[in-house]
Amino acid sequence: MPLAVYILGLSVFALGTSEFMLSGLLRSIADDMNVSIPRAGLLISAFAIGMVVGAPLLAVATLRLPRKTTLVTLITVFGLGQVAGALAPNYAVLFASRVVSALACAGFWAVGAAVAIAMVPVGSRARAMAVMIGGLSIANVLGVPAGAFLGEHLGWRAAFWAVGVASAIALVGVVTRIPHIPVPETRPRLKRELAIYRDRQVLLAIVITALAAGGVFCAFSYLAPVVTDVAGIDARWVSAILGLFGIGALIGTTIGGRVADAHLFGVLLSGVTASTVFLVALALFASSPVAVITLSFLLGVSAFYTAPALNARMFNVAGAAPTLAGATTTAAFNLGNTAGPWLGGTTIDTGLGFASTAWAGAAMTAVALATVALALRLTRRTSSSHVVATSAAASSPAASSSAPSSPARQGDLAACRTAD
């Protein structure tokens, strides 16, 4: 794996820490800014929505710009957004800094994913994405708890300064280690890239990603009250249990990244099935401390085990538009991360209790599983048609002049053949 891919993973560590660290800083931010905790929580929603909107928007805006220059600009803007947040004199400025940071974060994710994919062969796409996603996993294991620690002892602004420093380190890595990727002889055209959204496999990939991510985060977003109010575990253990989820995420990313290139649909089917089973178990045994602790770890494993496959799948079916493929995956993940917590909050508001979020999450992942099965069926049908067409072409006098299928589609068909 090229060193540059690991530099992208380091950058994602800074991005992910900023995205998730506010969960441990809301009370101190609310007190300092003289706002309610729910209003402070809008800072999290603002970041997620900014990711959904920003990924495709910035991917389109930077479509014809050099990739390295774009990455340098976006990580710089992101770092400045952290500095602005650390210096924010009021809630409005802090809110604006989160929106700007989210837009830059989304753009970096989208372009960075396209760069990582461009630097490796088709058969290593999932591993490359696993390195980038690994940065997000480490952010959950180390970055988020470290942000909470800084917030508790030095104030919430210290956490923003720390992410700003991490962004500066990432910037140095991007400048010195990311190679110059030549601009294609044929400049990317927006109309051609947007054409991927007419492909039903692309649309299915979006639905699968959003539902698989949203189902897990529907429950994870409210895991703290489940731990304390339902399982009866002391609140001092919440951060440790959340850390277990992060450790599971890191393990899941490592395993999924190594397996998904050879068995893409196998990883999707097994991973989403496992998440569904674990969510149902969490709903049934939420009052058991042992069960909650164990399932928190297992949910981290299953959720991030599928993440490299979800990313690689999108690049397989949208290979004609690599930049928008990365942007679409980023938007789909964050769409799930927005819809899942909203659905969980809705079930709580109906009076069903905190454990009901696991039932709602299981419903989302069950639909995701059915969608994976549909995508596999369509892919197998395409594979069969491809074999028939190839056989017919081979028997014709013009067979020698026929063009091979695209690398993206070849990867998709290979994934189908190894799905079992």
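Position labels on residues start from 1 in each chain and follow its written sequence. In keeping with the model being predicted, local features are shown solely for residues with a pLDDT of at least 70 and side-chain atom pairs are shown and tallied solely at 80 or more, while totals for entire chains, interfaces and linings include all residues. Each side-chain value is derived from all of the structure's non-hydrogen atoms; neither hydrogens nor water enter the calculation.

**Re the overall build of the protein**
- Looking only at helices and strands, the protein has 16 helices and zero strands in total.
- In the protein, the share of contacts with a sequence separation of at least 24, taken over all contacts with a separation of at least 6, comes to 85%.
- Summing over all exposed atoms, the protein offers an accessible surface of approximately 17600 Å²; the carbon and sulfur share of this is 68%. Where helices and strands are cited, they refer to DSSP runs of H or I of at least four residues and of E of at least two residues respectively, numbered from the N terminus. The contact criterion used throughout is that any non-hydrogen atoms of two residues lie within 4.5 Å. Here the accessible surface of atoms and residues is derived via Shrake-Rupley with a 1.4 Å probe, and residues count as covered only by protein chains that are part of the display.

**A short note on the pattern of salt bridges**
- Salt bridge, as applied in this entry: a Lys or Arg side-chain nitrogen positioned within 4 Å of an Asp or Glu carboxyl oxygen. Summed over all chains, the structure comprises one salt bridge.
- Its salt-bridge partner being R157, residue D32 comes within 3.3 Å of it at the nearest N-O pair. Taken together, the positions of D32 in helix α2 (residues 26-33) and R157 in helix α7 (residues 156-177) put the pair 125 residues apart, joining distant regions of the chain.
- With relative accessibility at 43%, the residue D32 sits in the partly exposed group.
- Owing to a relative accessible area of 26%, R157 belongs among the partly exposed residues under this scheme. The cut-offs for exposure are 20% and 50% of the maximum accessible area for each residue type, with area from a 1.4 Å probe on protein chains only; residues under the lower value are buried, those over the upper are exposed, and the others partly exposed.

**Some details on helix α10 (residues 223-230)**
- Taken together, the buried positions of α10 are occupied by L223, P225, V226 and V227.
- On its buried side, α10 packs onto α9 (200-220), α11 (238-259) and α13 (289-317).
- Positive backbone phi, at 75°, marks G232, one or two positions downstream of α10.

**Let's talk about the nonpolar core**
- By convention a nonpolar core is built from buried Ala, Val, Leu, Ile, Met, Phe, Trp, Tyr and Cys residues, the set being connected through side-chain atoms within 4.5 Å. Counting residues in each nonpolar core, the largest one holds 124 residues, and the members touching the most others are L8 and W109.
- Ignoring anything within four residues of it in the chain, the contact list for W109 reads V12, L15, M51, M132, I133, L136 and T330.

**A closer look at the environment of L71**
- As for its placement among the helices and strands, L71 is situated in helix α4 (residues 67-87).
- Ignoring anything within four residues of it in the chain, the contact list for L71 reads L8, F108, V111, G112, V115, V174 and I178.

**Notes on the packing of aromatic side chains**
- For Phe, Tyr and Trp, where Trp contributes only its six-membered ring, two rings pair if their centres lie within 6.5 Å, and the inter-plane angle classes them as stacked under 30 degrees, edge-to-face over 60, or tilted in between. Enumeration over the complete set of coordinates arrives at six aromatic pairs.
- Here F217 and F220 contribute two aromatic rings whose centre-to-centre distance is 5.5 Å and whose plane-to-plane angle is 80°, an arrangement assigned as edge-to-face. On the criterion of helical spacing, the pair formed by F217 and F220 is a turn pair, its members being three residues apart in helix α9. For the pair shown, F217 and F220 are each scored as buried.
- Between F217 and F245, the ring centres sit 6.3 Å apart and the planes meet at 75°, which makes this aromatic pair edge-to-face. Of this pair, F217 sits in helix α9 while F245 sits in helix α11; the two residues are 28 residues apart in sequence, bridging distant segments of the chain.
- Judged by relative accessible area, which is 13%, F217 ranks as buried.

**What about the environment of A213?**
- Within the secondary structure, A213 sits in helix α9.
- Look at A213 and you get buried, because its relative accessible area is 9%.
- Through-space distance from the C-alpha of A213 to that of T306 is 9.3 Å; in sequence the pair is 93 residues apart.
- Excluding residues within four positions of it along the chain, A213 makes contact with F333 and N337.

**Here we look at the confidence of the model for the protein**
- Here the protein shows a mean pLDDT of 82. Residues at 70 or above account for 86%.
- How sure the predictor is of each residue is captured by pLDDT, a score from 0 to 100. Here helix α16 (residues 407-417) stands out as the element of the protein with the lowest mean pLDDT, 47, in contrast to helix α12 (residues 264-284), whose mean of 94 is the highest.

**Focus: the packing of α4 against α7**
- Contact geometry of α4 with α7 gives a least axis separation of 8 Å together with a crossing angle of 165°. When the axis of α4 is compared with that of α7, the two are roughly antiparallel. In the packing of α4 onto α7, the handedness of the crossing is left-handed. Contact with α4, carried on its side by K68, L71, V72, I75, T76, F78, G79, Q82, V83, G85, A86 and L87, involves W156, R157, F160, W161, V163, G164, S167, A170, L171, V174 and V175 of α7 and no other residues of that element.
- In this count, Pro and Cys sit with the nonpolar residues alongside Ala, Val, Leu, Ile, Met, Phe, Trp and Tyr, while Asp, Glu, Lys and Arg are called charged and the others, Gly among them, polar. For the contact of α4 with α7, the residue count by class is 15 nonpolar, six polar and two charged. To define axes, lines are fitted to C-alpha atoms, for helices over the stretch in contact only, and angles between the resulting N-to-C directions are given on a 0 to 180 degree scale. Oblique is the label for every angle not falling under 35 degrees (roughly parallel), over 145 degrees (roughly antiparallel), or within 65 to 115 degrees (roughly perpendicular). Handedness of a helix crossing follows the sense of rotation of the near helix relative to the far helix, less than a right angle counterclockwise being left-handed and clockwise being right-handed.

**What to know about the side chain of T329**
- Tracing the sequence through the fold places T329 in helix α14 (residues 322-349).
- We classify T329 as buried; its relative accessible area is 1%.
- Beyond its immediate sequence surroundings of up to four residues, T329 is in contact with T209, N311 and M314.

**Considering the environment of T330**
- Relative to the elements of secondary structure, T330 occurs in helix α14.
- Take T330: its relative accessible area is 6%, and that puts it in the buried class.
- The spatial distance from the C-alpha of T330 to the C-alpha of A55 is 6.4 Å, given a sequence separation of 275 residues.
- Beyond its immediate sequence surroundings of up to four residues, T330 is in contact with M51, A55, A106, W109 and A110.

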